[in-house]
Structures are given as C-alpha cells and as structure tokens.
Amino acid sequence: MRRISWLLVVSAGWLLGCDEKAAPKPEANLAKAPVAEEVPQPVAKPKEAPELALDDISPRVGYSRVVIKEDRDRANLRAELEPYREFLAGKEVPLTVDRKSSIKLVGLYLDELGELGVTAVRLRTETRKEYPADLRFVPRKRAQAPTACATVAVILEDRGTAVWKVSGGTATKHAHGLGGPDLSTTSASLERFLKGCKQDRRLYVAAPEVIGWGLLFDLAASAQVIPDARPEATTLLLQVPVAGRKVEL
C-alpha cells in the first residue's frame, strides 16, 4: 500500500511539472548604446594671402588647383579665392602666369579677382630681356570707363597687329615678323596713340586664343619701354574687338 502511494505521489509530481511552463529567460537588452555625434571641426582661417598662379594646365590658389573646362567652372575658382577675401580685397596682388597659359583663363582669373575686390594685379610673365616681366593689370570690373582716345592694341589671327582708339576710327596695322608680331614697328604706333591721349594713359589689349598668352604679354610689355608714354595700367579684353571699331568693355 505504501509503495502504491509513493508511486502516485511521484506520478502526480511528474504530471504537474509537465504543465508548468519554463521560466522565461530575461530578454537581452537590445537597445544599442547611443552613438556619439560627430562635432564638426571649425575650418581654420587662412593667415596670409595665397600664392596666385596660372600655368598651361589650370589656375592655382596656394596649393590647390582649380579645373576649369567650361565657363560655369569659374565658380570653382571663386570658391577657392573666397576664404582669402580679407587678404585680397582693396589690394594690389601678384599673379604669376606661364607663357603657355590660355588667354581666356588669364581673363577669367583677372575677372574673379576683380569680383573679389582686388584693385590691380601685378602680373608676372617671362618675356624678352628688354621688356619688364611685371605689369600692372586692372581687372575689367575695377577699371574706370576709358576716355574716347584711350589706346587699344590687338594681335590678329595672322599674328599681325592693329592699334587704334577705344572710340573707333582708322586702325594702324602691321604685318607679322619672323617669329610673331613685329613689335618694333608696332611700338611706333603705340607711341603715337599713347602720346595723343595724355589724359588717359591706359592700354587695352586682346588676342585670339590661338595666339597664346606669351605673345600678348610681350605686346603689352613693349609699351612699357616707350619713353614718356608708358601706360599706367593695362586691361585685358576677353572679346577680341574688330580693328577700327568702337570697343565695348
């Protein structure tokens, strides 16, 4: 009888154990630890003006190159120059330009510096030993309206030259020399036009892109050795005017 009772107790315990649910395990804490937000570091302000340069590849602002393939890309140059505004605005700044540089890119660089408030640019390019390699260029935006008698000098596609007044009129043309424009004969016309406009000793220059910056710089530099007629400043025209026609800046 005792044996039977013991078996009943054991069986009852086993049945009750089967009905009981296993105690739930504590759920793992699935919440992730908070991610620390990255605090943007302040961009260090430049402490001095950058070296400005242009070669046959692209413009440079300090150590940064600026690729310009289309007109809209000039915004890239503006963005590179903007952090240095306080060192450039209201000042005359140096710009080194390689002879093989694009005339169009020289003009764009000068225009962007003018937009930034640069009053004048000391533009440096290697040239003939008898000419100065450092000329004062005034960006178009910073140039005052020229008087009617101001002088324009252009290199033509055949590498000849033409000199006339901003207001228009008969242009004096010269054939090209052996290696490019005949600057010896051209200088005689430059002297005549510059001396004929004592109230405005500025020179406006232009040339087709195929001519190349070096030859155009030579033309501008040749005017600086004319006695008593040196231009006070030179302005580069982006559009090549028709010889003898009124020049629109």
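Attention here is on the structure that accompanies the text. The residue numbers shown here count from 1 along each chain, following its written sequence. The predicted origin of the model limits local features to residues at a pLDDT of at least 70 and limits the giving and counting of side-chain atom pairs to 80 or more, whereas totals for whole chains, interfaces and linings rest on all residues. Here the side-chain values reflect all heavy atoms present in the structure, with hydrogen atoms and water set aside.

## Comments concerning the side chain of glutamate 112
Keep this limit in mind: Secondary structure elements are taken from DSSP: a helix is a run of H or I of four residues or more, a strand is a run of E of two residues or more, and numbering for both begins at the N terminus. Polar contact is defined as a pair of N or O atoms within 3.5 Å, subject to the rule that within protein one atom must be able to donate a hydrogen and the other to accept it, and that residues adjacent in sequence are counted only when both atoms are side-chain atoms. Contacts are residue-level and defined by heavy atoms, with any inter-residue pair within 4.5 Å sufficient.
Checked against the element boundaries, glutamate 112 lands in helix α4 (residues 103–115). A distance of 2.8 Å separates the side chain of glutamate 112 from the side chain of arginine 78, its partner in a polar contact. Excluding residues within four positions of it along the chain, glutamate 112 makes contact with Arg74, Leu77, Arg78 and Leu81.

## Quick word on the pattern of salt bridges
The criterion, for reference: When a carboxyl oxygen of Asp or Glu is within 4 Å of a side-chain nitrogen of Lys or Arg, the pair counts as a salt bridge. Think of it in three bands: residues with accessible area under 20% of the maximum for their type are buried, residues over 50% are exposed, and the middle band is partly exposed, with areas taken using a 1.4 Å probe on protein chains only.
The final tally for this structure, using the stated rule, is 14 salt bridges. Where arginine 65 meets aspartate 55, a salt bridge forms, and the shortest distance between an N and an O atom there is 2.6 Å. Residue arginine 65 is found in strand β3 (residues 64–65), and its partner aspartate 55 is found in the loop between β1 (52–54) and β2 (59–61); the two are separated by 10 residues along the sequence. Overall, the relative accessible area of 17% leaves aspartate 55 in the buried class.

## Thoughts on the packing of aromatic side chains
This is how the line gets drawn: Between 30 and 60 degrees the pair is tilted, below 30 it is stacked and above 60 it is edge-to-face, where a pair is any two Phe, Tyr or Trp rings, Trp via its six-membered ring, whose centres lie within 6.5 Å.
Applying the stated rule across the entire model yields two aromatic pairs. Consider the rings of phenylalanine 137 and tryptophan 213, whose centres lie 6.0 Å apart with planes at 50°: the pair is tilted. Linking phenylalanine 137 in strand β6 (residues 134–137) with tryptophan 213 in helix α6 (residues 213–222), this pair joins segments that are 76 residues apart in sequence. Judged by its relative accessible area of 0%, phenylalanine 137 is buried. Taking relative accessible area as the criterion, tryptophan 213 reaches 0% and is therefore assigned buried. Joined through ring pairs, the aromatic side chains of Phe137, Trp213 and Phe217 make up one cluster.

## Some points on unusual backbone geometry
Of note, the phi angle at arginine 159 is positive, near 75°, even though the residue is not glycine. A relative accessible area of 32% means that arginine 159 is categorised as partly exposed. Even without being glycine, aspartate 228 reaches a positive phi, approximately 60°. As for its placement among the helices and strands, aspartate 228 is situated in the loop between α6 and β11 (233–236). Since its relative accessible area comes to 63%, aspartate 228 is described here as exposed.

## Here's the deal with the environment of serine 58
Relative to the helices and strands, serine 58 resides in the loop between β1 and β2. Along the primary structure serine 58 and leucine 105 are separated by 47 residues, whereas in three dimensions their C-alpha atoms are 8.0 Å apart. Those residues within four positions of serine 58 in sequence are excluded, and the remaining contacts are Arg65 and Val66. Reaching out from serine 58, the side chain makes a polar contact with the side chain of arginine 65 at a distance of 3.0 Å.

## Observations concerning the nonpolar core
Spelled out, the test is: Among the buried residues, those of types Ala, Val, Leu, Ile, Met, Phe, Trp, Tyr and Cys that are joined through side-chain atoms within 4.5 Å form a nonpolar core.
Counting 48 residues, the largest nonpolar core has Leu123, Phe137 and Trp213 as its most contacted members. Not counting residues within four places of it along the chain, the set of residues in contact with phenylalanine 137 comprises Leu110, Ala120, Val121, Leu123, Val205, Trp213, Phe217, Ala220, Thr234, Thr235 and Leu236. Judged by nonpolar contacts, the second largest core, of 11 residues, contains Ala162, Val166, Ala171 and Tyr204.

## Here's the deal with the environment of valine 138
As for its placement among the helices and strands, valine 138 is situated in the loop between β6 and β7 (151–155). Of the residues examined, valine 138 reaches a relative accessible area of 11% and is grouped as buried. The spatial distance from the C-alpha of valine 138 to the C-alpha of valine 121 is 6.2 Å, given a sequence separation of 17 residues. Setting aside chain neighbours within four positions, we find valine 138 in contact with Thr119, Ala120, Ala143, Ala233, Thr234 and Thr235.

## Thoughts on the pairing of strand β10 (residues 202–206)
Selection rule: DSSP calls a pair of strands paired once it identifies at least 2 bridges connecting them. Orient the strands so they point away from the viewer, and a crossover whose first-strand-to-second-strand path over the helix runs clockwise is right-handed.
Judged by how many residues are buried, β10 sits mostly within the fold: five of five residues are covered. Sheet analysis places β7 next to β10, joined by four bridges and oriented parallel. Within β10, the residue paired with valine 154 across the bridge is alanine 206. As paired strands, β10 and β11 are joined by four bridges and run parallel to one another. When the bridges of β11 are listed, leucine 203 appears paired with threonine 234. As for the winding sense of the linkage, the β-α-β connection from β10 through α6 to β11 is right-handed.

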